[in-house]
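Given next are the chains, with one letter for each unit.
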Amino acid sequence: AASQAPMIATSQGSPVMIRSFAAVAASVSLLMAASAQAQTADTFAADVQAAAAAIEPQVIKWRRHFHQNPELGFAETETAAYIAERLTALGLEVRTGVGKTGVVGILRGGGGGDRVVALRADMDALPVQEATGLDFASTATGTYQGETVPVAHACGHDAHMAMLLGAAEVLTGMKDRLPGTVVFIFQPAEEGAPPGEPLGGAALMIQEGVLRDPAPEAIFGLHVVPGRPGTIFYRPRGFMAASDRIDIVLKGRQTHGAWPWRGIDVIAVAGQVIQTVNTLTARTIDPTTTPTVFTIATIDAGVRYNIIPDQAALSGTLRTFDIAQRDVLVERAEAAIGHVAQAHGATAEFSVRQNAALVFNDPDLSDWLAPVLQEAAGADNVNPATPPTTVAEDFSYFQGEVPGVFYHLGGTPEGTDPATAAPNHSPQFDVDESVLTLGVRTHALSAIRFLQRPAA
């Protein structure tokens, strides 16, 4: 083929072979396509920045609406209706009732490409009496374990919903050139399954097909936490702990408080059980390997100061980062608690229920995402190597189905030290609303860049 290539003469008259015109044309075409792609990338970044800034007042308005109208897990009926109405107004394909109250919006881009990516926000609030003093503070109530309780967005899910709605609006404005499909998942019951429910929100939505038709190739999510406003932090592999609920029921024999020897004192047994749990964690787990927390948080026993009851119910939480290590600790705890009860003549019933699996950020996707987040937040504001945290998130169940990355967004109000700021789940927890547009940008750019990413 080389001998058939066209020839030209140099100034000295020597022929020089050059590549075929077809090859030259192909090279030029590739260069033009690469240049066009780079220009499109730059245009997307600038357009996302401008669109997010333009809708900031609306995103703040959405956040405040959700904040004033919180609903508990699987009771987010008004919240779901509000979200579905806005997604429908954008022209998205909307599915409701996925996982009881979950909402899904599907945006099919017109810019070519068949890749699919998912973005997720959680919707539920907590049984917490708000004490922020905000003008739009919650005064809502709900039903929890048969009791009427105050309800508040004390974990930031109001901000999450507002940011994802903002991203849906931004990306819809780019629909004609969006190179693939984006699935917006608004999930109920992230804080765990209510009593009597076998599954929490993420697991139930997955069971009901949220990751099918279309099937995302990757999923991204975020959570506001104490931190300097505008900072983003996460880590590859194990980022947030697996969470197990532990329930222990001790049964003894009721007696007068003045005659403890005539009964079986479950109060004394409960005290030793707590000490046993604390000792097991501190003395059988190597703290240099993975963080482990085992906490007994509630004790329900007795009705009168001078009566030793016949039963005590304890509950707590176990947070781990290693499945094998967790299994060994659970086995040891059940055996040790049984021995403690037996030594007093009591019995112990021990049960474990997983609330969330380990949040495992796909290593390759985590590395790929870092420059995308830097594009949205600035290089100095992104830390992709933060230490693990012992709080949990059921986003982990989505990651068990498709590769995903979950990251934290610093949202401590300006002028407050993040180290001393009210944490998530506190009555005083609040979010600096200046970070909402950053969440819109990170969601939108994560989706766009993944859809532009060449298939493996």
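Just above, that's the structure.
Residues numbered from 1 in each chain as written. Predicted model: local features only at pLDDT ≥ 70, side-chain atom pairs only at ≥ 80, totals over all residues. Heavy atoms only, no water.

Caption draft 1: Examining the packing of helix α6 (residues 266-284) against helix α7 (residues 323-344) more closely. The geometry of α6 relative to α7 is characterised by a closest axis approach of 10 Å and an angle of 150 degrees between their N-to-C directions. In terms of their interaxial angle, α6 and α7 are classed as roughly antiparallel. Relative to α7, α6 is oriented so that their crossing is right-handed. Residues Val269, Gln272, Val273, Thr276, Val277, Leu280 and Thr284 of α6 touch α7, and the partners they reach there are Leu329, Arg332, Ala333, Ala336, Ile337, Val340, Ala341 and His344. (Axes fitted to C-alpha atoms, helices over the stretch in contact; angles between N-to-C directions. Helix = DSSP H or I, 4+ residues; strand = E, 2+ residues; numbered from the N terminus. Parallel < 35°, antiparallel > 145°, perpendicular 65-115°, else oblique. Left-handed = near helix turned anticlockwise from the far one by under 90°. Contact = heavy atoms within 4.5 Å.)

Caption draft 2: The sheet that holds strand β10 (residues 232-233), seen in detail. Overall, mixed pairing links the eight strands, which are arranged β3-β4-β8-β5-β9-β20-β10-β19 in an open sheet. Looking at strand neighbours, the two that pair on one side only are β3 (93-98) and β19 (382-383), the edges of this open sheet. Here β10 pairs with strand β20 (residues 404-410) via two bridges, running antiparallel. Looking at β20, one finds that Ile232 is bridged to Leu409. Sitting on the sheet, helix α8 (residues 363-377) touches β9 (218-225), β10, β19 and β20, and the angle it makes with β20 is about 35 degrees. (Pairing = 2+ DSSP bridges.)

Caption draft 3: Inspection of the pattern of salt bridges at higher detail. Under the definition given, this model contains 18 salt bridges. The salt bridge partner of Asp47 is Arg177, with a shortest N-O separation of 2.2 Å. Residue Asp47 is found in helix α1 (residues 21-54), and its partner Arg177 is found in the loop between α4 (157-172) and β8 (181-187); the two are separated by 130 residues along the sequence. One salt bridge connects Arg95 with Glu93, and the closest N-O pair in it is separated by 2.9 Å. A relative accessible area of 26% places Arg95 in the partly exposed class. Overall, the relative accessible area of 32% leaves Glu93 in the partly exposed class. Taken together, the salt bridges that share partners define one network made up of Arg63, Arg64, Asp158, Asp430 and Glu433. (Salt bridge = Lys/Arg side-chain N within 4 Å of Asp/Glu carboxyl O. Buried < 20%, exposed > 50% of the residue type's maximum accessible area, 1.4 Å probe, protein only.)

Caption draft 4: The arrangement of the nonpolar core in detail. Of all hydrophobic cores here, the largest spans 85 residues; its most connected members are Leu171, Phe184, Phe186 and Phe220. Residue contributions to this core peak at ten residues, all from α4. In this structure Phe186 touches Ile83, Leu87, Gly102, Val103, Ala121, Met123, Met161, Leu164, Leu165 and Met205, once residues within four positions along its chain are discounted. (Core = buried A, V, L, I, M, F, W, Y, C linked by side-chain atoms within 4.5 Å.)

Caption draft 5: Structural view of the pairing of strand β7 (residues 147-150). Both strand β6 (residues 141-144) and β7 contribute to a ladder of four bridges, which runs antiparallel. By the bridge assignment, Thr143 is partnered in β7 with Thr148.

Caption draft 6: Molecular detail of the environment of Leu90. As for its position among the elements, Leu90 is in the loop between α3 (77-89) and β3. Judged by relative accessible area, which is 23%, Leu90 ranks as partly exposed. The spatial distance from the C-alpha of Leu90 to the C-alpha of Gly105 is 9.7 Å, given a sequence separation of 15 residues. With near-sequence residues (within four places) excluded, Leu90 lies in contact with Ala168, Glu169 and Thr172.

Take it as geometry only, folks, not as evidence of what the structure does.
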